[in-house]
Amino acid sequence: MVENDARFLIRYSEKYSDEEFEYRHVTLPESIGKKVPTTHLLTETEWRNLGVQQSPGWVHFMIHSPEKHILLFRRAITK
């Protein structure tokens, strides 16, 4: 789990989309970013344990290795 004070420093981008998905990125403070594994995409349980709070349906879909403290999420657009 992550210390409560650091959770207040998590920043959420505006949502953006294409025809299939809605996207957003989440920027973690350095103290939390150091805890992000780079060997696999995070499960919902893992990113929630880091302090990320989002509505259901978001999936961590890509690792941007130069900036592992930025998590990239997407969710399918329901039609």
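See the structure shown above.
Each value, and the rule that gives it
- Residues numbered from 1 in each chain as written.
- Predicted model: local features only at pLDDT ≥ 70, side-chain atom pairs only at ≥ 80, totals over all residues.
- Heavy atoms only, no water.
- Helix = DSSP H or I, 4+ residues; strand = E, 2+ residues; numbered from the N terminus.
- Buried < 20%, exposed > 50% of the residue type's maximum accessible area, 1.4 Å probe, protein only.
- Lys, Arg positive; Asp, Glu negative; His and termini not counted.
- Salt bridge = Lys/Arg side-chain N within 4 Å of Asp/Glu carboxyl O.
- Polar contact = N/O pair within 3.5 Å; in protein donor to acceptor, adjacent residues only side chain to side chain.
- Contact = heavy atoms within 4.5 Å.
- Phe/Tyr/Trp six-rings, centres within 6.5 Å; stacked < 30°, edge-to-face > 60°.
- Lys NZ or Arg CZ within 6 Å of the ring centre and 35° of its normal.
- Core = buried A, V, L, I, M, F, W, Y, C linked by side-chain atoms within 4.5 Å.
- Pairing = 2+ DSSP bridges.

Student: Looking at this model, I keep getting lost on the side chain of R24. Mind explaining?
Tutor: Position of R24 relative to the elements: it lies in strand β3 (residues 21–27). Here R24 is buried and forms no salt bridge, its nearest opposite-charge partner E14 lying at an N-O distance of 6.6 Å. One polar contact links the side chain of R24 to the main-chain carbonyl oxygen of S13, over a distance of 3.2 Å. Setting aside chain neighbours within four positions, we find R24 in contact with Y12, S13, E14, K15, Y16, Q54, W58, L71, L72 and F73.

Student: Help me out: how do you make sense of the packing of aromatic side chains in this one?
Tutor: Both the distance between ring centres and the angle between the ring planes are used here to describe each pair of aromatic rings. Inspection of every chain in the model, using the stated rule, returns four aromatic pairs. Judged by centre distance (5.7 Å) and plane angle (55°), the rings of Y23 and F61 are tilted. With Y23 in strand β3 and F61 in strand β4 (residues 59–62), this residue pair connects regions lying 38 residues apart in the sequence. Residue classification places F61 among the partly exposed positions, given a relative accessible area of 22%. Directly above the ring of W58 sits R24, whose terminal nitrogen or CZ lies 5.5 Å from the centroid. Lying over the aromatic face of F21, R74 brings its terminal NZ or CZ to 4.1 Å of the ring centre.

Student: What's the story with the nonpolar core in this structure? I'm lost.
Tutor: Where a protein is soluble and globular, its nonpolar side chains tend to be buried together. Among the nonpolar cores identified, the biggest contains 13 residues, and V26, L28, V52, L71 and F73 are the most heavily contacted of them. Not counting residues up to four positions away in its chain, the partners in contact with V26 are I10, R11, Y12, V52, Q54, H69, I70, L71 and F73.

Student: Where do I start with the pairing of β3 in this structure?
Tutor: Successive side chains on a regular strand alternate, one facing one side of the sheet and the next facing the other. Relative to β3, strand β1 (residues 11–12) runs antiparallel, the two sharing two bridges. Counterpart to R11 in the pairing with β3 is T27. Of the pairings in the sheet, the one linking strand β2 (residues 16–17) to β3 comprises two bridges and is antiparallel in character. Bridging across to β3, S17 finds its partner in E22. Joining the antiparallel neighbours β2 and β3 is a turn of three residues. Alignment of β3 against strand β5 (residues 70–76), held across seven bridges, turns out to be antiparallel. In the sheet register, Y23 faces β5, and the bridge partner there is R74.

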